Amino acid sequence: MSEVSIPASTAVVASSRFEFKALIRRVQGLLVPAVLVIIWETVVRAGWVSQHLLPPPSELVTTLADLAGNGTLLGHIGISSLRVLIGFFIGAGLAVVVGAAVGLSRRTEALLDPTFQALRAIPSLAWVPLLLLWLGIDEAPKITLIAIGAFFPVYLNFVAGIQNVERKLVEVGGIYGLTGYRLIARIFLPAALPNLFTGLRSGLSLSWMFLVAAELIAASSGLGYLLTDGRETGRADLVIVAIIVLALLGKTSDSLLLWLEVRLLGWRDVFDTRPS
Amino acid sequence: MSHNLLDLAVAAKDFQALRVIKNVRFGINAGEVVSLVGPSGCGKSTLLRIIGGLDTSYSGKVCIKGEPPHLHSREVGLIFQEPRLLPWLMVAENVAFELGRKGRHHPYVTQLLAEVGLSDFATAYPKQLSGGMAQRAAIARGLFTQPSLLLLDEPFSAVDAFTRRRLQDLLLSVAGHHGTTLLLVTHDVSEAVYLSDRVIVLADRPGRISGQVIVGEARPRDRRNPQLIRREAEVLTLLNDGTNAFFDLSYDLASAPTPWQAARLSSLNFAI
Ligand SMILES: Nc1ncnc2c1ncn2[C@@H]1O[C@H](COP(=O)(O)OP(=O)(O)OP(=O)(O)O)[C@@H](O)[C@H]1O
Ligand SMILES: [Mg+2]
């Protein structure tokens with residue numbers, strides 16, 4: 001009997017060790033932040049840093065609960081997300097259309113690309129005063145700024161993706177009698193999709209950045225406004241809470257795109273170090 | 001001489017300063033099976049690309065059913081030297097590429113995949129296939145479309161000998177059934193002779209025709225048929241520039257310095 005039970009028990013030990021390892025792997029990313037939070041709390045409690053400048057994590061939790069409780073936080077998150085969503089869709093949508101035109105036609109490229117390359121060189125915040133002058137201080141300048149931010153990464157990556165489609169695959173399309181928009185839809189677009197996603201993801205993260213820029217300068221709502229508000233009233237806890245919420249929103253929206261990417265681009269034959 | 005399907009006369013084809021093809025002329029009648037054999041780099045793939053309309057920078061005149069070849073014509077199909085499957089489409093969608101996405105449930109797709117031994121991989125992506133499997137999928141894709149002239153560039157070079165014979169017979173039966181004309185490039189002389197009505201032999205530098213062997217055997221053929229073996233010998237002779245010389249490398253090898261000398265065990269000295 002013992003000969004039988006020995007391998008069985010090793011198997012059990014091995015599998016529980018394996019689960020433990022998997023658990024470690026999953027939580028190890030939280031390790032460093034957790035240690036930092038503990039150090040942070042102790043340092044502030046011990047009085048080494050002014051509580052006014054660096055509120056301890058426990059106070060942040062209270063602030064967060066307060067903001068969430070009276071609904072203001074949700075309001076700020078809602079308005080900011082809406083701005084990003086609208087700005088991103090406008091910017092990325094235009095970029096896809098213009099990028100397709102530039103990537104697919106040499107003539108359009110010669111006509112448009114130099115202009116876009118020049119526009120790209122403008123530091124994006126330099127647009128702000130002009131947008132405020134032209135569009136007032138309503139939603140329009142904010143959404144325009146976000147759209148500008150989303151436009152360029154999508155445009156550049158998409159054009160590169162289309163222009164780098166393998167000749168061999170285009171020839172397959174040609175042999176099968178595809179021309180014009182059918183060649184574009186069946187060969188160029190799918191082949192450029194990986195690049196498009198790279199562009200969309202960096203465009204989205206730039207959208208969040210530009211959202212904050214826009215809201216810092218002129219807004220009466222949104223997370224950027226919360227940052228300004230915290231600074232003006234001397235409440236570091238508000239500022240930090242807003243930063244954390246922005247980080248979470250940015251990460252969540254990026255994860256959504258990543259999820260979509262994994263679903264749509266499962267066919268890619270790429271080197272992937274992630275555990276399956 | 002005029003042929004009713006393809007009339008090809010390529011006076012010259014250059015890649016930059018390099019003349020790749022010089023004065024190649026041949027024709028094909030509808031329903032024929034013709035092979036092109038020749039040393040590597042003699043321009044076989046280039047000829048197929050010209051006929052398929054992928055390459056238009058040559059001097060000469062090529063006519064398919066009286067018209068110059070043009071890309072996007074449905075008369076000509078091409079199975080490339082590499083599989084060239086579209087990586088974002090499943091195997092079945094690749095095979096039915098002609099029909100678009102909805103085509104993958106077409107009964108002929110299932111049938112062809114079974115014939116090339118890929119039934120279990122209909123919903124796999126090309127990255128999940130081995131080289132030979134990908135090539136078989138590409139063959140299925142080439143057979144799915146039924147052009148008047150199917151060009152095949154070394155279609156069976158990446159598959160094992162057993163599968164190769166099955167695919168050869170599949171090719172003949174599909175082509176016979178649909179009346180497809182075949183122009184096939186291969187390095188395998190017995191394959192060329194077994195499949196073809198005529199074998200056109202090319203020589204290289206620059207690529208030109210060194211001769212043609214007509215295989216007048218009725219189908220289905222027996223691979224052991226001595227007539228076929230005789231035709232093979234003729235093709236081989238043409239490939240060797242009309243001689244039956246064979247390359248004797250033993251002298252070169254003997255005169256070359258031996259890069260590595262096996263140590264004689266007795267010469268090793270173990271101190272104990
Ligand atoms: N795109 C290209 N640019 C420059 N030279 C080329 C190109 N394609 C082919 N060649 C040259 O043309 C010649 C013929 O090439 P081709 O691919 O037609 O040969 P092949 O007969 O098909 O050879 P293989 O049996 O090895 O496939 C080669 O010498 C090659 O160097
Ligand atoms: Mg070749």
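**Looking at a nonpolar patch on the surface**
Next, step 1: A grouping of Leu82(A), Leu85(A), Ile86(A), Phe89(A), Ile90(A) and Leu94(A) is seen on the molecular surface, where their side chains present a nonpolar patch of about 570 Å² in accessible area.
Next, step 2: Along the chain, Ile86(A) turns up in helix H3 (residues 72-104).

**Comments concerning the confidence of the model for chain B**
Next, step 1: Model confidence for chain B is summarised by a mean pLDDT of 86, while 88% of its residues fall at 70 or above.
Next, step 2: For chain B, the element scoring lowest by mean pLDDT is helix H8 (residues 250-255) of chain B, at 64; strand E3 (residues 33-37) of chain B scores highest, at 95.

**Section: the nonpolar core**
Next, step 1: Counting 92 residues, the largest nonpolar core has Ile187(A), Leu8(B), Phe26(B), Leu36(B), Leu47(B) and Leu183(B) as its most contacted members.
Next, step 2: A per-element tally of this core places helix H8 (residues 180-217) of chain A first, with 15 residues.
Next, step 3: Contacts of Phe26(B), omitting those with residues within four sequence positions, involve Leu6(B), Asp7(B), Leu8(B), Leu36(B), Leu47(B), Leu183(B), Ile200(B) and Ile209(B).
Next, step 4: Counting 46 residues, the second-largest nonpolar core is a separate cluster that includes Val109(B), Ile139(B), Val159(B) and Val199(B).

**Quick word on the coordination of the magnesium ion (ligand 2)**
Ideal geometry at a metal centre: 109.5 degrees between donors when four sit tetrahedrally, and 90 or 180 degrees when six sit octahedrally.
Residues and elements named next belong to chain B.
Next, step 1: Here the magnesium ion (ligand 2) is held by Ser45 (OG) and Gln81 (OE1), and the distances to it run 1.9 to 2.3 Å. Remark: glutamine 81 occurs in the loop between strand E5 (76-79) and helix H2 (91-95) and serine 45 occurs in helix H1 (residues 44-51); sequence separation between them is 36 residues.
Next, step 2: Looking at glutamine 81, the relative accessible area reads 34%, which means it is partly exposed.

**Let's talk about the pairing of strand E9 (residues 208-214) of chain B**
Residues and elements named next belong to chain B.
Next, step 1: Alignment of strand E8 (residues 198-203) against E9, held across six bridges, turns out to be antiparallel. Bridging across to E9, valine 201 finds its partner in glycine 211.
Next, step 2: Taken together, E8 and the strand that follows it, E9, pair antiparallel across an intervening segment of four residues, in which arginine 205 is found at a positive phi of about 55°.

**Section: the interface of chain A and chain B**
Next, step 1: Facing the 19 residues of chain A at the interface are 24 residues of chain B.
Next, step 2: Both sides of the chain A and chain B interface together cover about 2,100 Å² of buried area, and 65% of this is carbon and sulfur.
Next, step 3: Looking only at chain A, the three residues that lose the most surface to chain B are Ile175(A), Tyr176(A) and Trp267(A), adding up to 38% of its buried area.
Next, step 4: Taken together, chain A and chain B are joined by three salt bridges.
Next, step 5: In this structure, Arg84(B) and Glu171(A) form a salt bridge, with 2.7 Å as the shortest nitrogen-oxygen distance.
Next, step 6: The tally of links between chain A and chain B comes to seven residue pairs in polar contact (both at pLDDT 80 or more).
Next, step 7: Among the secondary structure elements, those contributing two or more residues to the side of chain A that touches chain B are helix H7 (167-175) and H8 of chain A.
Next, step 8: Here the side of chain A that touches chain B is composed, by residue class, of nine nonpolar, four polar and six charged.

**With respect to the sheet that holds E8(B)**
Residues and elements named next belong to chain B.
Next, step 1: Spatial ordering of the open sheet is given by E5-E6-E7-E3-E8-E9, a layout of six strands whose pairing is mixed. Looking at the sheet topology across the chains shown, the edges are occupied by E5 and E9. For this sheet, the mean angle separating the axes of adjacent strands, direction not counted, is 20°.
Next, step 2: Here E3 runs beside strand E7 (residues 181-185); their pairing, made up of four bridges, is parallel. Bridged to valine 33 within E7 is leucine 182.
Next, step 3: Against the sheet, H1 contacts E3, E5, strand E6 (149-153), E7 and E8, and its axis sits at roughly 155° relative to E6.

**A few points about the pattern of salt bridges**
Side-chain pairs of opposite charge can arise whenever the charged atoms involved come near each other.
Next, step 1: If you walk through the whole model with that rule in mind, you get 24 salt bridges over all chains.
Next, step 2: A salt bridge links Glu171(A) to Arg167(A); the shortest N-O distance between them is 2.6 Å. Of this pair, Glu171(A) and Arg167(A) both sit in helix H7, four residues apart, roughly one helical turn.
Next, step 3: Judged by relative accessible area, which is 8%, Glu171(A) ranks as buried.
Next, step 4: A network of salt bridges, in which partner residues are shared, links Arg167(A), Lys168(A), Glu171(A), Arg49(B), Glu82(B) and Arg84(B).

**With respect to the packing of aromatic side chains**
Next, step 1: This structure, assessed with the given rule, holds eight aromatic pairs over all chains.
Next, step 2: When the ring of Phe151(A) is compared with that of Phe152(A), the centres are 5.1 Å apart and the planes differ by 85°; the resulting orientation is edge-to-face. Residues Phe151(A) and Phe152(A) agree in their burial class; the two are buried.
Next, step 3: Overall, the relative accessible area of 9% leaves Phe151(A) in the buried class.
Next, step 4: By the ring-pair criterion, three or more aromatic residues cluster together here, those being Phe116(A), Phe151(A), Phe152(A) and Tyr155(A).
Next, step 5: The lysine or arginine in question, Arg84(B), covers the ring of Phe80(B), its NZ or CZ lying 3.9 Å from the ring centre.
Next, step 6: The ring of Tyr194(B) carries the charged tip of Arg223(B) above its face, separated from the ring centre by 3.8 Å.

**What to know about the pairing of strand E2 (residues 18-28) of chain B**
If a strand is regular, its side chains alternate between the two faces of the sheet.
Residues and elements named next belong to chain B.
Next, step 1: Of the strand pairs in this sheet, strand E1 (residues 6-15) and E2 are connected by nine bridges, and their pairing is antiparallel. Of the residues in E2, the one forming a bridge with alanine 9 is arginine 25.
Next, step 2: Count of turn residues in the E1/E2 antiparallel hairpin: two residues, of which glutamine 16 carries a positive phi of about 50°.

**Thoughts on the site of ligand 1**
All names here are of chain B.
Next, step 1: In the neighbourhood of ligand 1, the contacting residues comprise Phe15, Val20, Ser40, Gly41, Cys42, Gly43, Lys44, Ser45, Thr46, Gln81, Glu154 and His187.
Next, step 2: Between ligand 1 and glutamine 81 there is a distance of 2.9 Å, counted from an oxygen atom to a side-chain nitrogen or oxygen.
Next, step 3: Within the side chain of glutamate 154, a nitrogen or oxygen atom sits 3.3 Å from an oxygen atom of ligand 1.
Next, step 4: For the shell around ligand 1, the leading source of residues is H1, giving three residues.
Next, step 5: In terms of residue class, the shell around ligand 1 is made up of three nonpolar, seven polar and two charged.

About the cut-offs
- Residues numbered from 1 in each chain as written.
- Chains lettered and ligands numbered in written order.
- Predicted model: local features only at pLDDT ≥ 70, side-chain atom pairs only at ≥ 80, totals over all residues.
- Heavy atoms only, no water.
- Patch = residues over 30% accessible without salt bridge, like charges linked within 9 Å, V, L, I, M, F, W, Y side chains within 5 Å.
- Areas by Shrake-Rupley, 256 points an atom, 1.4 Å probe, with all protein chains shown as cover.
- Salt bridge = Lys/Arg side-chain N within 4 Å of Asp/Glu carboxyl O.
- Helix = DSSP H or I, 4+ residues; strand = E, 2+ residues; numbered from the N terminus.
- pLDDT = per-residue confidence, 0-100.
- Core = buried A, V, L, I, M, F, W, Y, C linked by side-chain atoms within 4.5 Å.
- Buried < 20%, exposed > 50% of the residue type's maximum accessible area, 1.4 Å probe, protein only.
- Contact = heavy atoms within 4.5 Å.
- Donors = N, O, S within 2.8 Å, 3.2 Å for Na, K, Ca; no water.
- Pairing = 2+ DSSP bridges.
- Buried area = accessible area lost by both parts, 1.4 Å probe.
- Polar contact = N/O pair within 3.5 Å; in protein donor to acceptor, adjacent residues only side chain to side chain.
- Nonpolar A, V, L, I, M, F, W, Y, C, P; charged D, E, K, R; others polar.
- Axes fitted to C-alpha atoms, helices over the stretch in contact; angles between N-to-C directions.
- Phe/Tyr/Trp six-rings, centres within 6.5 Å; stacked < 30°, edge-to-face > 60°.
- Lys NZ or Arg CZ within 6 Å of the ring centre and 35° of its normal.
- Near = heavy atom within 4 Å.

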